[in-house]
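The lines below spell out each chain.
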Amino acid sequence: MTPVMETYKRLGIAPVEGRGSWLIDERGDRYLDFIAGIATNSLGHGHPALVEAVKEQAEKLIHCSNLYRVPLQEEVARMLTEATDFDRVFFCNSGTESVEAAIKLARRHAYRTAGPEKHEILTFTGSFHGRTYGGLTATAQPALHEGFAPMVGGFVHAPYGDLEAARSMVGPRTAAVLVEPIQGESGVNEPPEGFLAGLRELCDEHGALLIFDEVQTGVGRTGHLYAYQGVGVVPDVVTSAKGLGGGVPVGAVLAREEHAAALTPGSHGSTFGGNPLAMAAARAVLGVVREPSFLEEVRTKGAILKNGLRELAGRVPGAQVRGRGLLLGLELGPELAPEVFRRCLREKVLVNLVGGKTLRMAPPLTVSRTEVRYALCTFRGGVEALMETAPAEAVVA
């Protein structure tokens, strides 16, 4: 029996090494990694630029308190602001920490501009914003709240994609609207046309901040450095993590100058946030990912994968393909999806089963076109083999 707390449903493999898009387990078996640490290993495994950056920095200085200037922080922040619509960056260690910081920023901004009554945060069903109490409350999934009550006050929830419902819940008390431009944890759900633009208008009308949770969609995942750049809606605040460090824990909040000013010395902080080792990793990742040619290739590989999945979905009654770039979901239904997932595992292609009915795919951004086609062949073979044996009603979602 392991002394590690059992907070995860772990699969029966134990990776000990990684090369490119492949993980190698303790027995030497190779797995095509099509989930990349859940959209985290943006440059795959063992990328020379990232490995060299971490090794070199570890020999110089791993950690330095934020009581002092951290030049690497300033450099990485400049890389982010020059490539986005934002002016300031706060660094932390994870996605949930970035969401916590964004919530605090929004409430502090509202407090300074309108008083304590303006404090509500609107979020959406099916969302996932982290495991801390703020992030968990913002996550509008009651099943995840069970046993942890009471939740943090001042949050309200509307159905994802329902602009009219959101309109009825936004008013003078609203400090911010927090939304994922694409929901990842609930099955890679895309919002309907006009939803994000409508939220932008609502926030402008009521003096609320629009926060995009881009923990999963950011850092090139959708074929743009941040997903908002591909949908034509500019939020006031963006949260970022996962792929930003390429596997090294890094989180960030990007904000405009007038909103970032709400967080003053002593109002927020992080012991490890933005330390030199993390910043060296982020600098290496951004040095690769923010290049236009790299992002264009992500979009191309994403199109190859999505087109192949659509062709496959066309053979399965009720199947759907959702997502952008290299964040895609193939919904096959509660009967077929788990079987295809298990078959992929046997064939040594790693994907993620979400909600019991959707296969989520988020391979390294460096995945090759050949590897994309290899994965498609595995998915196709699994679906075809199972469709031959499954009764017709079992494959309908």
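Since this is a predicted model, take the numbers as computed values, not measurements.

> Please give an account of the overall build of the protein chain that cites residues and values.
Secondary structure assignment for the protein chain yields 14 helices and 15 strands. Computed over the C-alpha atoms, the radius of gyration of the protein chain is 21 Å, within 12% of the 21 Å expected from 2.2 N^0.38 for a compact globule of 397 residues. Seen through its C-alpha atoms, the protein chain measures out along the principal axes to roughly 65 × 55 × 50 Å. Burial status across the protein chain gives 54% buried among its 397 residues. Within the protein chain, counting contacts between residues at least 6 apart in sequence, those at least 24 apart form 72% of the total. For the protein chain, the accessible area works out to roughly 17500 Å², and carbon and sulfur atoms hold 53% of it. In the protein chain, 40 side chains carry a positive charge and 45 a negative one; their mean positions are 2 Å apart.

> Give a detailed account of the pattern of salt bridges, specifying residues and quantitative values.
Under the counting rule described, the total for this entry stands at 21 salt bridges. A salt bridge links Arg173 to Glu120; the nearest nitrogen and oxygen atoms lie 3.6 Å apart. Taken together, the positions of Arg173 in the loop between helix 7 (163-169) and strand 7 (174-179) and Glu120 in strand 5 (residues 120-124) put the pair 53 residues apart, joining distant regions of the chain. On the accessibility criterion, Arg173 (38% relative accessible area) is partly exposed. Residue Glu339 pairs with Arg342 through a salt bridge whose shortest N-O separation is 2.6 Å. Residue Glu339 and its partner Arg342 are both found in helix 13 (residues 336-346); the two are separated by 3 residues, about one turn of the helix.

> Any chance you could break down the side chain of Ser42 for me, citing the residues and the numbers?
With respect to the secondary-structure elements, Ser42 resides in the loop between helix 1 (36-39) and helix 2 (48-60). Taking the relative accessible area as the measure of exposure, Ser42 reaches 1% and is therefore buried. Once you skip the residues sitting within four places of it in the chain, Ser42 turns out to touch Gly243, Gly246, Val285, Pro364, Leu365 and Thr366.

> Residues and numbers for the sheet that holds strand 7, please.
Spatial ordering of the open sheet is given by 4-10-9-8-7-5-6, a layout of 7 strands whose pairing is mixed. Each end of this open sheet is capped by a strand with a single partner; those strands are strand 4 (88-92) and strand 6 (155-158). Recorded for the sheet is a direction-independent mean angle of 20 degrees between the axes of neighbouring strands. By the bridge criterion, 3 bridges tie strand 8 (residues 209-213) to strand 9 (residues 237-240) in an arrangement that is parallel. Each residue of the ladder has a partner; that of Phe212, found in strand 9, is Val238.

> Break down the nonpolar core for me, with residues and values.
In terms of nonpolar packing, the biggest core is built from 85 residues, with Phe34, Phe124, Leu199, Leu332 and Phe379 touching the most fellow members. Here this core gets 10 residues from one element, more than from any other, and that element is helix 11 (residues 276-289). What Phe379 contacts, discounting residues up to four positions off in sequence, is Phe34, Leu309, Leu312, Cys344, Val349, Val351 and Met361. Among the nonpolar cores identified, the runner-up in size contains 19 residues, and Leu105, Ala138, Phe155 and Ala176 belong to it.

> So what's going on with the pairing of strand 12 (residues 327-331)? Residues and values would help.
For strand 12, a buried count of 5 out of 5 residues is recorded, marking the element as mostly surrounded by other parts of the structure. Here strand 12 shows two buried faces, one formed by Leu327, Gly329 and Glu331 and the other by Leu328 and Leu330. Relative to strand 12, strand 11 (residues 320-324) is paired through 5 bridges, and the arrangement is antiparallel. Pairing of Gly323 across the sheet is with Leu328, part of strand 12. The turn linking strand 11 back onto strand 12 is made up of 2 residues, and Gly325 within it adopts a positive phi angle of 60 degrees.

> Got a sec to walk through the side chain of Asp213? Specific residues and values, please.
Structurally, the position occupied by Asp213 is in strand 8. There is a polar contact of 2.7 Å between the side chain of Asp213 and the side chain of His129.

> Describe unusual backbone geometry, with residues and values.
Between Ala149 and Pro150 the backbone carries a cis peptide bond, its omega angle lying at 5 degrees. One can find Pro150 in the loop between helix 6 (142-145) and strand 6. A positive phi angle, near 50 degrees, is found at Ala36, a position not held by glycine. Following the sequence through the fold, Ala36 ends up in helix 1.

> Give a detailed account of the sheet that holds strand 15 (residues 358-361), specifying residues and quantitative values.
Sheets are built from strands that pair by backbone hydrogen bonding, the pairs being arranged parallel or antiparallel. Here we have 4 strands laid out as an open sheet, ordered 11-12-15-14, and antiparallel in their pairing. The open sheet terminates on both sides in strands that have one partner only, identified here as strand 11 and strand 14 (352-354). For this sheet, the mean angle separating the axes of adjacent strands, direction not counted, is 25 degrees. As judged from the 3 bridges shared by strand 14 and strand 15, these two strands associate in the antiparallel manner. Each residue of the ladder has a partner; that of Asn352, found in strand 15, is Arg360. The sheet contacts of helix 12 (residues 292-313) involve strand 11, strand 12 and strand 15, and relative to strand 12 the element is tilted by about 5 degrees.

Definitions and cut-offs
- Residues numbered from 1 in each chain as written.
- Predicted model: local features only at pLDDT ≥ 70, side-chain atom pairs only at ≥ 80, totals over all residues.
- Heavy atoms only, no water.
- Helix = DSSP H or I, 4+ residues; strand = E, 2+ residues; numbered from the N terminus.
- Rg over C-alpha atoms; globule rule 2.2 N^0.38 Å.
- Buried < 20%, exposed > 50% of the residue type's maximum accessible area, 1.4 Å probe, protein only.
- Contact = heavy atoms within 4.5 Å.
- Areas by Shrake-Rupley, 256 points an atom, 1.4 Å probe, with all protein chains shown as cover.
- Lys, Arg positive; Asp, Glu negative; His and termini not counted.
- Charge placed at Lys NZ, Arg CZ, Asp CG, Glu CD.
- Salt bridge = Lys/Arg side-chain N within 4 Å of Asp/Glu carboxyl O.
- Pairing = 2+ DSSP bridges.
- Axes fitted to C-alpha atoms, helices over the stretch in contact; angles between N-to-C directions.
- Core = buried A, V, L, I, M, F, W, Y, C linked by side-chain atoms within 4.5 Å.
- Polar contact = N/O pair within 3.5 Å; in protein donor to acceptor, adjacent residues only side chain to side chain.

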